[in-house]
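Results of the structural survey
Given next are the chains, with one letter for each unit.
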Amino acid sequence: MISQTWKSLLTRRMIAPIVALATVVGLGTRELVKPTAARAAVMSAAPAAGPLDDNSVSALLSLDHAMETLAARVTPAIVNVTVTAKTKVDLSDEGMPQLPEGMEGFGQFFGRPMQPQNRIEHGLGSGVIISPDGYIVTNNHVVNGATDIRVTLSDRRILSAKLVGADPLTDLAVIKVNGSNFASVPWGDSTKLKPGQTVLAFGNPFGFRFTVTRGIVSALNRPNPDSSDPRKPGQFIQTDAAINQGNSGGPLVDSRGEVVGINTFLISPSGSFSGMGFAIPTQIVKPTVDTLIQYGKVRHAYIGVGITDVTPENSKFFNMAKAEGALITEVEPDAPGAKAGLKVGDVITKVDGHEVTDAGQLQVEVGQKQPGTKLEVTVMREGKSITVPVTVEELSKAKAGDEESASAPEGKARWGIGLSDMTPDVRQQLQTPSDVHGAVVTRVQPGSPADNAGLSTGDVIQQVNHQRVQSAADVKQALSKIRSGEDALVLVWSRGGSTFRVLHSGNQG
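The following paragraphs examine the structure supplied in this document. Because the structure is predicted, anything quoted here is derived from the model rather than measured.

**Observations regarding the overall build of the chain**
Looking only at helices and strands, the chain features 10 helices and 28 strands. The burial tally for the chain puts 45% of its 509 residues in the buried class. Intrachain contacts of the chain at a sequence separation of at least 6 include 63% that bridge at least 24 residues. Summing over all exposed atoms, the chain offers an accessible surface of approximately 26700 Å²; the carbon and sulfur share of this is 53%.

**Section: the sheet that holds strand β8 (residues 211-222)**
Strand-to-strand pairing in sheets goes through backbone hydrogen bonds, with the strands running parallel or antiparallel. Strand order in the closed barrel formed by 6 strands is β7-β8-β9-β12-β11-β10, with antiparallel pairing between adjacent strands. Averaged over all adjacent pairs, the angle separating strand axes in this sheet is 45°, with direction ignored. Note: strand β7 (residues 198-203) against β8, 6 bridges, orientation antiparallel. Looking at the pairing, Phe 202 lines up with Val 212 of β8. Of the strands in this sheet, β7, β8 and β10 (251-254) touch helix α3 (residues 58-74), which is tilted by about 40° from β7.

**Some details on helix α5 (residues 282-295)**
Every α-helix winds through 3.6 residues per turn, so residues three or four apart in the chain are directed the same way. For α5, built from 14 residues, the straight-helix expectation of 20 Å at 1.5 Å per residue is met to within 8% by its first-to-last C-alpha distance of 19 Å. Every buried residue belonging to α5 is among Thr 282, Ile 284, Val 285, Thr 288, Val 289, Thr 291 and Leu 292, and all of these are buried. Where α5 is buried, its residues contact β3 (135-138), β5 (158-167), β6 (172-176), β11 (259-266), β12 (277-281) and α7 (359-367). Backbone geometry just downstream of α5 places Gly 296 in the positive-phi region, at approximately 85°.

**Looking at the packing of aromatic side chains**
Throughout the structure, instances matching the rule amount to 3 aromatic pairs. Between the aromatic rings of Phe 236 and Phe 265, the centroid separation amounts to 5.1 Å while the plane-to-plane angle is 90°, which identifies the pairing as edge-to-face. Residue Phe 236 is located in strand β9 (residues 236-239), and its partner Phe 265 is located in strand β11; the two are separated by 29 residues in the primary sequence. Where Phe 318 meets Phe 500, the ring centres are 5.3 Å apart and the plane angle is 75°; that geometry is what we call edge-to-face.

Each value, and the rule that gives it
Residues numbered from 1 in each chain as written. Predicted model: local features only at pLDDT ≥ 70, side-chain atom pairs only at ≥ 80, totals over all residues. Heavy atoms only, no water. Helix = DSSP H or I, 4+ residues; strand = E, 2+ residues; numbered from the N terminus. Buried < 20%, exposed > 50% of the residue type's maximum accessible area, 1.4 Å probe, protein only. Contact = heavy atoms within 4.5 Å. Areas by Shrake-Rupley, 256 points an atom, 1.4 Å probe, with all protein chains shown as cover. Pairing = 2+ DSSP bridges. Axes fitted to C-alpha atoms, helices over the stretch in contact; angles between N-to-C directions. Expected span 1.5 Å × (residues − 1). Phe/Tyr/Trp six-rings, centres within 6.5 Å; stacked < 30°, edge-to-face > 60°.

What follows is the structure in structure tokens.
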């Protein structure tokens, strides 16, 4: 039984709707008594415009139909990957809670214990089934540290998955679910992609399952953006197909429904899609996945050299007719490259007879070789092409910081720097390796050509025009010999790695 108080409240709440209804009825009554001519005028108003004729938009309709067919073909092979991981976090005043790298989940923290504690985290990512027996490709950062992995299929089935293998260097992982006759998608050839080509990205952004976005290939062979680990191969596919958190591990698919890449990261000032998503190309994905399925891990080969691109700006200093090849900027002592006689300033132009166009290509080529493989490396040295046999070795964790790095050119540089000698105290302060010698940059004049180059305090100039320097006096003398209007090439150690920079002729300092 409803109490008297509730009856009163309900009565008051009903007043407004009733009044509104009465007003509508009143207006309807007035409409009924309008003159017949007025009603006839309303009834004779022209009908709304109809849709465009199919023949007029046949091209668009055909495109829509093709995209629908493509999405319907690929979506059943897409999975939502849910991960449970245990992580130790520091919740003291000195530390703030951090999610595991790449984990795309949400969390709330209601206390601040003073000691690190284990905490269960839940992450979300995507994956793609590549075989009818349930092998799934995703990103390493999606499943890293997982204690439990579950996948949701497009038909809403939830299955437990096991980790087959993972490779942190390429950020790829393979998981598997039990069963058969799973929908799957074939591999495509990423080396045949062209900028402007249509691609679709599939995944589960922000937990919105089985999303598809369409775009184009914006660019190819983008370098590794992770400055903390220059060993990681680049050659990324850049696309404007929307990729957001949760898309990690999902496929980038071409118009034929073939996987040409695995979506892995985006670049955005806001953390959300801003037109720049990146995928690992299948030229890296497929051999890595095949190895993970067969062995559970990947043994990466390495030469032990630092590399960068040959550019139009520096090519003339290495007698290169074209700005192609991988320029050696460092040679690790006792590494395969050093044992083979490779030198700083060599330009690698071929590996086993295959042309090397840039540093990223060399990085991929070498990284996919089996350790112990003997390579015929063609280099341009002092204007002469020579072939150097190099036996690659396995990249172990002990060598993890010294793998080939394809660093981007760091801009133009000119004279206008203050220099000092390298002393033991300075070496310790800068944490400069013992085999790095030269002059330390102590000042860069604001607004000067050197400032535009990105040269900064703490950089070490090791060579000027291929000649080693041991002191500030050596650098100044070498630069002073550069005739007016001519450029200089310097080898600079900066932030843990070496790179060649071209100094354009200007006011000497």
